[in-house]
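Notes for the structure review
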Amino acid sequence: MTSLLRPQRGLLAVCFLSLTLAACDSADSDPDLNVAPPVLSAEAFDFGDAMFPDDQARSGGQMTRQNFNNAAFRFGIVTLAVGANLVIPHLATAAALNTEPVIERGTWIWANTVRIGTEDVRFRLEGTPDGNEVLWSMRITTTDPETDEVYDDFVLYTARGAFDGQTGSWELYYRVEGVRTRVLEADFIATSATQKTVTFSVPEGAGNAGGDSVVYERDGDDRSFDWTQVGEGFNHFVEWDAVTEAGSITATNYNGGEQACWDETLEDVPCN
């Protein structure tokens, strides 16, 4: 099975993914432009609590956990690949929450430095109100410790989102072979502490995985992971309960495409 992307090494690791974000409904009244908008939600660059159950501390034979193991493998390789690219935008955006903004010619600016790994990353987050939305831009200055490539006032991402910062769209950029390249886009809705959807998609033409997508969703205690591989014609849908850890997998290339389940002990069980 081909992974969605190959995980990349280095502080500014690149995965060629694409995202599209849903816009939020317009507010009932125009926002107060004299008040800084809420910072774009850092959850737009995070899987949140969508972590998969861990079987390391469980007893039981691996032969009786084929369903869980197959689901964990798919979740793991894709999440590792996607997550490698989200470290810097997530941590820099989260750090902006601890920074007092200033306003310059109608644009709100959050600027500071955050330590990521072994490097300091100087960031400048700009938010420009545009009707009931905000146009965002994140610039960074840092050095990739593995390649020694310098990112000097580099536009890491641009975004458009609702004024509350909970929904919107962003495009992520890295330098690929010395050229600033759009490598990732996102679609996210994080309207409450219990409901969130983030969609990742590979841009058309971005290698063998062009057109692929993965959707992470939480709804209360319910979690799901939906990975589509366009080239292979495969779909992998995994769902589980965050509390009991019981779940199921339905994948084109597993169990004849039929749903396969596991229980609270991660053991294979018939699906109801």
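Residues numbered from 1 in each chain as written. Predicted model: local features only at pLDDT ≥ 70, side-chain atom pairs only at ≥ 80, totals over all residues. Heavy atoms only, no water.

A word on the state of the cysteines
Quick note on the threshold: Note on terminology: disulfide denotes any pair of cysteine sulfur atoms within 2.5 Å. By the criteria applied, helices consist of DSSP H or I runs no shorter than four residues and strands consist of E runs no shorter than two, each listed in order from the N terminus. Each residue gets one of three labels from its accessible area relative to the maximum for its type: buried under 20%, exposed over 50%, partly exposed in between, using a 1.4 Å probe on protein chains only.
Across all of its chains, the model carries 1 disulfide by this definition. Disulfide pairing places Cys 261 opposite Cys 271 at an S-S distance of 1.9 Å. Looking down the S-S bond of the Cys 261 and Cys 271 bridge, the torsion is 115°, so its handedness is right-handed. Of this pair, Cys 261 sits in strand β13 (residues 260–262) while Cys 271 sits in the segment after β14 (268–269), and the two are 10 residues apart along the sequence. For Cys 261, a relative accessible area of 10% gives the class buried. The exposure class assigned to Cys 271 is partly exposed, which follows from its relative accessible area of 28%.

Thoughts on the nonpolar core
We apply this condition: By nonpolar core we mean a set of buried residues, namely Ala, Val, Leu, Ile, Met, Phe, Trp, Tyr and Cys, connected to one another through side-chain atoms within 4.5 Å. Contacts between residues were defined by any pair of non-hydrogen atoms, one from each residue, lying within 4.5 Å.
Membership of the largest hydrophobic core comes to 56 residues, with the highest contact counts inside it found for Tyr 157, Trp 170, Phe 200, Phe 225 and Trp 262. It is helix α1 (residues 66–96) that provides the largest number of residues to this core, a total of 10 residues. When sequence neighbours within four positions are dropped, the list of residues in contact with Tyr 157 reads Leu 40, Phe 45, Pro 89, Thr 93, Leu 125, Trp 136, Ser 137, Met 138, Glu 171, Leu 172 and Tyr 173.

Describing a negative patch on the surface
The condition is simple: Any residue with relative accessible area above 30% and no salt bridge may belong to a patch, with like charges joined within 9 Å and the nonpolar Val, Leu, Ile, Met, Phe, Trp and Tyr side chains within 5 Å. Computed by Shrake-Rupley with a 1.4 Å probe, the accessible areas treat only the displayed protein chains as cover when residues are assessed. Take a side-chain nitrogen of Lys or Arg and a carboxyl oxygen of Asp or Glu: if they are within 4 Å of each other, that pair is a salt bridge. We score Asp and Glu as negative and Lys and Arg as positive, and we do not count His or the chain ends. Working definition for charges: the position is that of NZ of Lys, CZ of Arg, CG of Asp or CD of Glu.
Taken together, Glu 217, Asp 219, Asp 221, Asp 222 and Glu 239 make up a surface patch of like negative charges. Tracing the chain through its elements places Asp 222 in strand β10 (residues 222–229).

Describing the confidence of the model for the protein
Note the following rule: Confidence scores here are pLDDT values: one per residue, from the predictor, ranging 0 to 100.
When pLDDT is averaged across the protein, the result is 83; 82% of the residues are at 70 or more. Taken as a whole, residues 1–28 scores under 50 in pLDDT and shows 110 contacts with residues more than four places along the chain or in a different chain.

Overview of unusual backbone geometry
The residue Arg 105 is not glycine, and still its phi comes out positive at about 50°. As for its placement among the helices and strands, Arg 105 is situated in the loop between β1 (102–104) and β2 (107–116). Taking relative accessible area as the criterion, Arg 105 reaches 81% and is therefore assigned exposed. The phi angle at Asn 255 is positive, at roughly 55°, despite the residue not being glycine. Structurally, Asn 255 is set in the loop between β12 (247–251) and β13. We classify Asn 255 as partly exposed; its relative accessible area is 42%.

Brief notes about the environment of Glu 204
By secondary structure assignment, the location of Glu 204 is in the loop between β8 (195–201) and β9 (213–219). For Glu 204, a relative accessible area of 70% gives the class exposed. With sequence-adjacent residues up to four places away left out, Glu 204 is seen in contact with Gly 210 and Gly 211.

Some points on the pairing of strand β6 (residues 167–176)
Heads up, the rule is: Strands are labelled as partners when DSSP assigns at least two bridges between them.
When strand β5 (residues 150–162) meets β6, the two strands line up antiparallel, connected through 5 bridges. Bridge pairing in β6 places Thr 158 opposite Glu 171. Taking the residues between adjacent antiparallel strands as the criterion, β5 and β6 are bridged by 4 residues, where Gly 165 takes a positive phi near 80°. Taken together, the 10 bridges between β6 and strand β7 (residues 179–189) define a ladder with antiparallel strand orientation. Bridge pairing in β7 places Gly 168 opposite Phe 188. Taking the residues that link successive antiparallel strands as the turn, the β6-β7 hairpin has 2 residues, and the phi of Glu 177 there is positive, at about 50°.

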